[in-house]
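Secondary and tertiary structure notes
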Amino acid sequence: MSTRTSREGTAPTRGREWLAAACTRLRGLRTRLIVGFLVVSALSALITAALTFRQARTAILARTQNTAVHDLRDQMQSLGPDLPFPPRREDLQNLVVQLDRAGGSRNWRTYAQYEDGPIVPGPWGAGADSSASGAGGAAKGGAAVTDGLRKAVREQHAPIFQRVDRDGQPWLAIGMPVDFTDADGRGDGAGRTGSKATPSATPQQGKPSGLIVYAEFPLTDEKADISALVTSAQAGALPALALAVVPALFAARRVLRPVRRLREAAERITSGELDTRLPVTGRDELADLTVTFNEMARALEKDDAELRRMEANARRFAADVSHELRTPLAAMSAVTEVLDEDAARLDPDTADAVRLISDETTKLARMVEDLIEVSRFDAGAADLHLDEIDVAMALRKTLQLRGWQDQVETDLPEGLRARFDPRRIDVVVANLVGNALRHGGTPVRLTAYATSGRLRIDVADQGPGIDPQALPHVFDRFYKADAARARSGGSGLGLAIAMENVRLHGGTLRAANAPGGGAVFTVEVPVDPWGGVGADGSGADGSGAGGVASVPGAGGAGARDAETEGVEAKGAEAKGAEAKGAETEGAETKGAEIEDGRP
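Residues numbered from 1 in each chain as written. Predicted model: local features only at pLDDT ≥ 70, side-chain atom pairs only at ≥ 80, totals over all residues. Heavy atoms only, no water.

Glancing now at the pattern of salt bridges. Considering all chains together, one arrives at 18 salt bridges under this definition. R88 serves as the salt-bridge partner of D91, at 3.5 Å between the closest nitrogen and oxygen. With a shortest N-O distance of 2.8 Å, E414 and R396 are connected by a salt bridge. Taken together, the residues span a long stretch of sequence, with E414 in the loop between β8 (408-411) and β9 (417-420) and R396 in helix α8 (residues 391-401) at a distance of 18 residues. The exposed category is assigned to E414, whose relative accessible area is 59%. Residue class for R396 comes out partly exposed when judged on its relative accessible area of 31%. A single salt-bridge network, built from bridges that share partners, covers R454, R456, D458, R510 and E524. (Salt bridge = Lys/Arg side-chain N within 4 Å of Asp/Glu carboxyl O. Helix = DSSP H or I, 4+ residues; strand = E, 2+ residues; numbered from the N terminus. Buried < 20%, exposed > 50% of the residue type's maximum accessible area, 1.4 Å probe, protein only.)

Below is the structure:
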C-alpha cells in the first residue's frame, strides 16, 4: 500500500516539475524574441494591409464615381439638345426614362427638376412638396439624394456626388446642373433656336438653364470588390505569421548562441577553469560583450594566480618559522624545566620570574606545535593512521589523561567499535571538552552513539552559549570573538585543527546553541571512513580489530606524522619538520590547552 501511494504521489510532483520547466522556457529569452519578432511582423503586415486596402478602396470608389459622372454627362450631352425649353413635365419624364435606359449595367435611377418645378418622376419623400426646398426623406425613391447634395449643387453650380448608406447598403448619388450654350460655344441668354442645353462641367461654364439632373445607384459590386480585398488580407495574415516564425527562430538562434556560450563559459569559470576564453565573432554588441568577458576572465586568472602565490608564500613562511623555532624552543623548554626544579630554592622574585618564563615558553611551544600541525593540513601531508578501537574506551582515556573524568558527564555505549585515528580523535575531543570547561558552564556532557553507519559525538555545556554573530567564525583560524581574550593562553587554532582532523576522517563538525541554553559541538564521522566496518565493529572480512592502517591525506605526502621531515607547503619546502615519535605522542596531552576562539 505504501509503495502504491508513493508512486501515485510522484505523478503530481512530476506534473508540477514539468509545468515549472515549461513556464521557465516560456519566460526565457528565446520565447520573448520569437514573440517580439512575430508582433513586429504582425504589425507590419497589418499596417501594410491597411494602407493597401485604403488605397485600393479609394481607387475603386474614385473610378466608379468618375465613370458615373462621365457617363451621366455624356448622356445629357446627347439628349440635352433635343430637350425643349422650358421643358414640360412630360418632357422631363421622357428625359428620365431615356437616362434610366442608358444606365445599362449600372442600373441607375435618375430624377429631373426644372427650376422650382416638381421632381420627376415623383417626390423623394411622402407628403413632401414639389419645390426644391421641400424635405428630402426616406420614401420610395431618391433616398440617396440628400438635402445637402441638392443644396450644394445649387450653390456651387457644378456636378456634385455623395456616398450614403441606404438600408445598410452603400449608394452613390450625383447631382448635375445643365447650362445653355450657343452653337459656337457662347451663351446667348435666351435659350431660343440655335442654343442647346449641355451639362455644366465647371461653375459659370454657360448660362444656367435651371435644369438639374440627379442619379443614384447602389455600389454593390464595389462593396463586393472591397470585401474581397479584406478577405484576401485576412486569409494572407495567418500564412504570413506562420512564415515569420522561421526567420524568428533563426534570429533568436543567432542572438542566443553567443549568449549560451557566455553562460557556459561563466559556469566553467565558476568551477575554477579561469583560463576559459571565447572566440570573438562579428562586430556587434554581443561581440563587444564577449571581448569584455575575455578581459574579465583574464583579470580573474591573473588575480587568482597572484593570490595563490601570496597564499603559498604565507603558508611557507608560517611553516618555516614554526619549524625554525622548534629547535630553540626545545632547548628553552629543557632549561626552564631545570629552573622549575630549582625555583623553590630561589628568592621569591626570581622564582616568580622563572615560573613566568616557563609558562610563556610552554605556551609558545604549544603555538608552534599548532602552526606545524596547520602547515601539514595546508600542505596535504596529514595522514590517517586508522585503527579499529572501542569508542567508549578511547573517549574515557582522553578524559583520564587530562584529569577531566570528574568534571564531565558521559553517556558512552559499551561495545561500540569504530575505525578511526585515535590520536586525531583524541585531539578533537580534548579541544571540544577543554573549551566547554573553560568557556562554557558545568556540567559538561559527552555523548556518543552510532546511527546509519556514522559515529556521532556531542559535547554540550550549560554556559551562556555562543554569540550568533560568532557562530559562522568559530572554526576560523586565530578567531577570538572576545577582545578580552586577545592575550589569553590559547592560540585560536584549536577548533580549526579539530575541524581539519574531522574532515580528514570524511566527517563534519558543527557548532550550535542548545534550545535550553549552552553550546553544543557535534562531530559526525563514518564508523569506517574507508568502508568495510559496521556499527557492530566487524571488519569487511567479518573479523574484529584489524591493526593499524596508514591512509595518506589529500596531498599524498610521504612519511607518517611521527616521522615527517621536509614537509612541502604548496610546493614550498617547509624545513625542520623533525617530529620524532616520542615528541608527537605529546600531542595527545595538549588538547586541553588549545583554545578555539569561542566567547
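A word on the environment of P328. Within the fold, P328 resides in helix α6 (residues 285-342). The class of P328 is partly exposed, set by a relative accessible area of 38%. For the pair P328 and A365, spaced 37 residues apart in sequence, the C-alpha to C-alpha distance is 9.8 Å.

Our focus in this paragraph is a negative patch on the surface. On the surface, a cluster of negative charge is contributed by E337, D340, E341 and D359. For the negative patch, the element with the highest residue contribution is α6, accounting for 3 residues. (Patch = residues over 30% accessible without salt bridge, like charges linked within 9 Å, V, L, I, M, F, W, Y side chains within 5 Å. Areas by Shrake-Rupley, 256 points an atom, 1.4 Å probe, with all protein chains shown as cover. Lys, Arg positive; Asp, Glu negative; His and termini not counted. Charge placed at Lys NZ, Arg CZ, Asp CG, Glu CD.)

Turning to the packing of helix α5 (residues 220-270) against α6, a few remarks are in order. The packing of two helices is summarised by the inter-axis angle and the distance between the axes. Contact geometry for α5 and α6: axes closest at 11 Å, N-to-C directions at 10°. The pairing of α5 with α6 is recorded here as roughly parallel in orientation. Here V255, P258, V259, L262, A265, A266 and I269 of α5 lie close against α6, whose contacting residues are L286, L289, T290, F293, A297 and L300. For the contact of α5 with α6, the residue count by class is 12 nonpolar, 1 polar and no charged. (Axes fitted to C-alpha atoms, helices over the stretch in contact; angles between N-to-C directions. Parallel < 35°, antiparallel > 145°, perpendicular 65-115°, else oblique. Contact = heavy atoms within 4.5 Å. Nonpolar A, V, L, I, M, F, W, Y, C, P; charged D, E, K, R; others polar.)

Two elements, β8 and strand β10 (residues 444-451), share 4 bridges in a ladder whose sense is parallel. In the strand pairing of β10, V408 is matched with V444. Two strands pair when backbone bridges link them, and β10 and strand β11 (residues 454-460) are joined in this way by 7 bridges, in the antiparallel orientation. Paired with L446 across the bridge in β11 is V459. Here β10 hands over to β11 after 2 residues, with S452 in that stretch at a positive phi of 55°. (Pairing = 2+ DSSP bridges.)

Bringing the packing of α6 against helix α7 (residues 348-379) into the picture now. Where α6 contacts α7, the axes come no closer than 8 Å and their chain directions differ by 150°. Considering the angle they form, α6 stands roughly antiparallel to α7. Pair α6 / α7 crosses with left-handed handedness. Looking at side-chain class alone, the contact of α6 with α7 contains 12 nonpolar, 7 polar and 7 charged residues. (Left-handed = near helix turned anticlockwise from the far one by under 90°.)

With an omega of -5°, the peptide bond running from F85 to P86 counts as cis. Among the secondary structure elements, P86 is positioned in the loop between α2 (29-79) and α3 (89-102). In this structure, P121 follows V120 across a cis peptide bond, with omega equal to 15°. Structurally, the position occupied by P121 is in the loop between β2 (119-120) and α4 (147-156). The backbone of E115 shows a phi angle near 50°, a positive value even though the residue is not glycine. With respect to the helices and strands, the residue E115 is situated in the loop between β1 (109-114) and β2. Overall, E115 belongs to the partly exposed group, its relative accessible area being 41%.

A cluster of nonpolar side chains, namely V35, V39, L43, L46, I47 and L51, defines an oily patch on the protein surface of about 560 Å² accessible area. Checked against the element boundaries, L46 lands in helix α2. We classify L46 as exposed; its relative accessible area is 56%.

Here the chain averages 73 in pLDDT, while 73% of its residues score no lower than 70. In the model, residues 1-9 has pLDDT below 50 throughout and makes 0 contacts with residues more than four positions away in sequence or in other chains. A low-confidence stretch, residues 183-195 stays under pLDDT 50, and its non-local contacts, those more than four residues away or across chains, total 13 contacts. (pLDDT = per-residue confidence, 0-100.)

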